[in-house]
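Coordinate analysis (summary)
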Amino acid sequence: QVRLVESGGGVVQTEKALTLSCVVSGFTFSRHAIHWVRQAPGKGLEWVAVISSDGTLDYYGDSVNGRFRISRDNFKNTLYLQMNSLRRDDTAIYYCAREADGALDFWGQGTLVTVSS
Amino acid sequence: DIQMTQSPSSLSASVGDRVTIACRASQDIANYLNWYQHKSGRPPKLLISAASTLQSGVPSRFSGSGSGTYFTLTISRLQPEDFATYYCQQSYSTPSVTFGGGTKVE
């Protein structure tokens, strides 16, 4: 049974940092690229970042590029999202999702990040 | 960057209705188009990949079509559990991807 479980969300002040984690089980983690996708209150889905299966390549959406960093530990079956210089418009539910041939076929339940001054 | 535009942004429908949602890409993306259903408080669910491939367990009343720059998601007979927001997503520019703005079916 494929599972992705996010954690690390919470309330954080503007300009501070926060790191999210996503622990996976039920599939061979090291064979899949994994994405972070977020949904701000009242908004649609926004792609945040992706990391390749071996962790050597990473890409970011324009709104987070230079502030967020995605990483993974294939021995721990864990994905991370380090978020720096947080802004109020980073407030959102953050989902990790497994990629299969370009589609995001399994998603976690999400973790809420609230950025407040 | 490839932009994805969905229409309408919301629609009102009744149980039993046929519903069609459109998604337009800013450039040719062949069939690299996926559809998701998203209900409040739950993670998005992949319905259709590669423009028209129904995922396992997804009811056959859902169908997808299109290629190039224009795609549609059709629900043949709307059921109560289908009221949700639907998103298209292009994977032509993988590893980075783009979602459409969403269509709320209410």
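It should be noted that the structure appears before, not after, this text.
Here is a short report on the structure shown in this document. (Residues numbered from 1 in each chain as written. Chains lettered and ligands numbered in written order. Predicted model: local features only at pLDDT ≥ 70, side-chain atom pairs only at ≥ 80, totals over all residues. Heavy atoms only, no water.)

1. A few points about the environment of Leu112 of chain A
With respect to the element layout, Leu112 of chain A can be found in strand β11 (residues 111-116). Each C-alpha atom of the pair Leu112 of chain A and Ala40 of chain A lies 9.4 Å from the other, and the pair is 72 residues apart in sequence. (Helix = DSSP H or I, 4+ residues; strand = E, 2+ residues; numbered from the N terminus.)

2. Thoughts on the interface of chain B and chain A
Chain B puts 19 residues into the contact, and the matching count from chain A is 20 residues. Buried surface at the junction of chain B and chain A, both sides included, amounts to about 1,500 Å², of which 66% is carbon and sulfur. Taken together, chain B and chain A are joined by 0 salt bridges. Linking chain B to chain A there are 4 residue pairs in polar contact (both at pLDDT 80 or more). Those elements that provide at least two residues to the side of chain B that touches chain A are β4 (33-38), β5 (45-49) and β9 (85-90) of chain B. Element by element, the count of residues in the side of chain B that touches chain A is highest for β4 of chain B, at 3 residues. Of the residues in the side of chain B that touches chain A, the class split is 8 nonpolar, 9 polar and 2 charged. (Contact = heavy atoms within 4.5 Å. Buried area = accessible area lost by both parts, 1.4 Å probe. Salt bridge = Lys/Arg side-chain N within 4 Å of Asp/Glu carboxyl O. Polar contact = N/O pair within 3.5 Å; in protein donor to acceptor, adjacent residues only side chain to side chain. Nonpolar A, V, L, I, M, F, W, Y, C, P; charged D, E, K, R; others polar.)

3. Here's the deal with the side chain of Ser91 of chain B
Along the polypeptide, Ser91 of chain B turns up in the loop between β9 and β10 (98-99). Apart from the residues lying within four places of it in its own chain, the contact partners of Ser91 of chain B are Gly102 of chain A together with Tyr32, Leu33, Asn34 and Val97 of chain B.

4. A few points about the nonpolar core
Core analysis: the biggest nonpolar cluster contains 26 residues, and Trp36, Leu79, Leu81, Met83 and Tyr94 of chain A have the highest contact counts within it. Secondary-structure elements contributing two or more residues to this core are β3 (18-25), β4 (34-39), β5 (45-51), β7 (68-73), β8 (78-83), β9 (92-100) and β11 of chain A. No other element matches the 4 residues that β3 of chain A contributes to this core. Membership of the second largest hydrophobic core comes to 24 residues, among which are Ile2, Ala25, Trp35 and Cys88 of chain B. (Core = buried A, V, L, I, M, F, W, Y, C linked by side-chain atoms within 4.5 Å. Buried < 20%, exposed > 50% of the residue type's maximum accessible area, 1.4 Å probe, protein only.)

5. Thoughts on the layout of surface pockets
Looking at the largest pocket, its volume works out to about 520 Å³. Gln109 of chain A together with Arg42, Pro43, Pro44 and Lys45 of chain B are the residues nearest the centre of the largest pocket, which is lined by 25 residues in total. Looking at the lining of the largest pocket, its residues break down into 12 nonpolar, 5 polar and 8 charged. In this structure, the second largest pocket occupies an estimated 380 Å³ of space. If you go around the second largest pocket, you meet 17 residues; those closest to its centre are Trp47 and Gly61 of chain A together with Asp1, Val97 and Thr98 of chain B. Counting residues per element, the ones that place at least two in the lining of the second largest pocket are β5 of chain A together with β10 of chain B. (1 Å grid on protein atoms, 1.4 Å probe; cavity = no way out; pocket = protein on both sides within 12 Å on 5 of 7 lines; lining within 4 Å. Points joined across faces, edges and corners; volume = space filled by probe spheres on them.)

6. A word on the state of the cysteines
Within this structure, the stated rule accounts for 2 disulfides over all chains. Here Cys22 of chain A is linked by a disulfide to Cys96 of chain A, with a sulfur-sulfur distance of 2.1 Å. With the S-S bond torsion at 70 degrees, the cross-link from Cys22 of chain A to Cys96 of chain A turns out right-handed. Taken as a pair, Cys22 of chain A in strand β3 and Cys96 of chain A in strand β9 lie far apart in primary sequence, 74 residues in all. Of the two residues examined, Cys22 of chain A and Cys96 of chain A, each falls in the buried class. For Cys23 of chain B, the disulfide goes to Cys88 of chain B, at an S-S distance of 2.1 Å. (Disulfide = S-S within 2.5 Å.)

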